[in-house]
Amino acid sequence: MLLDTASLYFRAYFGVPDSVKAPDGTPVNAVRGLLDFIDRLVRDHRPGHLVACMDADWRPRWRVDLIPSYKAHRVAEERAAGPDAEEVPDTLSPQVPVIEEVLDALGIARVGVPEYEADDVIGTFTARATGPVDIVTGDRDLYQLVDDARGVRVLYPIKGVGTLQLTDEAFLREKYGVDGGGYADLALLRGDPSDGLPGVPGVGEKTAARLLDRFGDLAGILAAVGDPGSGLTPAQRRRLDEARPYLAVAPKVVRVAADVPLPEVDTALPHTPRDPVALAALAARWGLGGSLERLLTTLAS
């Protein structure tokens, strides 16, 4: 089980009231909400291995160099060295280091790699997996990894993590008209304002799905642009032709990496805390109460 950790703690932050606080009055709604999420996921799905995948760089320079608008609207501060600062709610930012400390004390593997997003870490773990993989994320970009033959599916939270949309190839074909491998092509053609991806003007989700159904993949669509007998409308041909510079670089931006240099890490689900003394101190300092106790009980069982 691979967790898109930032996606989940953002959901926890907005889903759990900020009245949930540490003894000193500091909000810990994201911390406790994430622990509750992990507890429910482990109880319901019983993974043998669990990795909290992290954004060591939420907006990698190599993606920005290809498409400068990539996530540009979410930049709080540009930095000459290291990742740009992301716009994050004031009361969430201080909770992220606490989340990291708690995961480390529990012994839940936490992996982030410089110059890569959590999506890329997830993509690489998935590529290397020798058995079934459940990816837990609120980010549809990771639908591209769905692969029935390899047992790779996405668990997409609908309400908390108690209600999860099980995303397999049948779901993708019914909803989008593509399989996992085709989802990245659909996404880059359609564009995604939330990630600053312009897409091809005039090509929405339904048109992109029809083009992929007809021509197979992005390469097939571009070949059709140069084929007078392909059946593309004049407007489609013109728009796709004008978008060639974008379409030349978008695949590298949209497709998650599968070759991230992952560190050696023990991904086995822990049954007892790695550092019980540190965990007890964190529990007392931040008032983690029942959220942590329930997770510890679940892990022990």
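Here, the structure is the one placed above.
Parameters and conventions
Residues numbered from 1 in each chain as written. Predicted model: local features only at pLDDT ≥ 70, side-chain atom pairs only at ≥ 80, totals over all residues. Heavy atoms only, no water. Phe/Tyr/Trp six-rings, centres within 6.5 Å; stacked < 30°, edge-to-face > 60°. Helix = DSSP H or I, 4+ residues; strand = E, 2+ residues; numbered from the N terminus. Lys NZ or Arg CZ within 6 Å of the ring centre and 35° of its normal. Polar contact = N/O pair within 3.5 Å; in protein donor to acceptor, adjacent residues only side chain to side chain. Pairing = 2+ DSSP bridges. Axes fitted to C-alpha atoms, helices over the stretch in contact; angles between N-to-C directions. Parallel < 35°, antiparallel > 145°, perpendicular 65-115°, else oblique. Left-handed = near helix turned anticlockwise from the far one by under 90°. Contact = heavy atoms within 4.5 Å. Nonpolar A, V, L, I, M, F, W, Y, C, P; charged D, E, K, R; others polar. Buried < 20%, exposed > 50% of the residue type's maximum accessible area, 1.4 Å probe, protein only.

Caption draft 1: Inspection of the packing of aromatic side chains at higher detail. Tallying each qualifying case throughout the model produces 8 aromatic pairs. Ring centres of Tyr-143 and Tyr-156 lie 6.1 Å apart, and the angle between their planes is 65°; on these two criteria the pair is classed as edge-to-face. Of this pair, Tyr-143 sits in the loop between β6 (133-136) and β7 (152-159) while Tyr-156 sits in strand β7, and the two are 13 residues apart along the sequence. One Lys or Arg, Arg-11, reaches over the ring of Tyr-156 and ends 5.3 Å from the middle of that ring. Its end group placed over the ring of Trp-286, Arg-285 keeps NZ or CZ at 3.8 Å from the ring centre.

Caption draft 2: The side chain of Arg-59, seen in detail. Among the structural elements, Arg-59 can be located in the loop between β2 (51-53) and α3 (61-66). In this structure the side chain of Arg-59 is engaged in a polar contact, spanning 3.1 Å, whose partner is the backbone oxygen of Pro-68. A distance of 2.4 Å separates a polar atom in the side chain of Arg-59 from the backbone oxygen of Tyr-70.

Caption draft 3: The arrangement of the sheet that holds β6 in detail. One open sheet holds the 6 strands; their spatial order is β5-β2-β1-β6-β7-β8, and the pairing between them is mixed. Looking at the sheet topology across the chains shown, the edges are occupied by β5 (109-111) and β8 (163-167). Within the sheet, the average angular offset between the axes of one strand and its neighbour, ignoring direction, is 25°. Sheet topology note: the strand β1 (residues 2-4)/β6 ladder contains 2 bridges and is parallel. Among the inter-strand pairings, Leu-3 is bridged to a residue of β6, identified as Val-136.

Caption draft 4: Broad picture of the packing of helix α7 (residues 180-190) against helix α8 (residues 205-215). α8 packs onto α7 with a crossing angle of 135° between their chain directions and a minimal axis gap of 9 Å. With respect to α8, the element α7 is oriented oblique. For the element pair α7 and α8, the recorded crossing hand is right-handed. Two secondary-structure elements touch here, α7 through Gly-182, Asp-185, Leu-186, Leu-189 and Arg-190 and α8 through Glu-205, Ala-208, Ala-209 and Leu-212. When its residues are assigned to classes, the contact of α7 with α8 shows 5 nonpolar, 1 polar and 3 charged.

Caption draft 5: Molecular detail of α7. Counting buried residues in α7 gives 9 out of 11 residues, a clear majority hidden from the surface. Taken residue by residue, α7 has Gly-180, Gly-182, Tyr-183, Ala-184, Asp-185, Leu-186, Ala-187, Leu-188 and Leu-189 as its buried positions. In this fold, the buried residues of α7 make contact with α6 (169-176), α8, α9 (218-225), α10 (234-242) and α11 (244-254). Its side-chain oxygen 3.3 Å from the backbone nitrogen of Gly-181, Asp-179 forms the N-cap of α7. A positive backbone phi angle near 85° is found at Gly-191, which sits one or two residues after α7.

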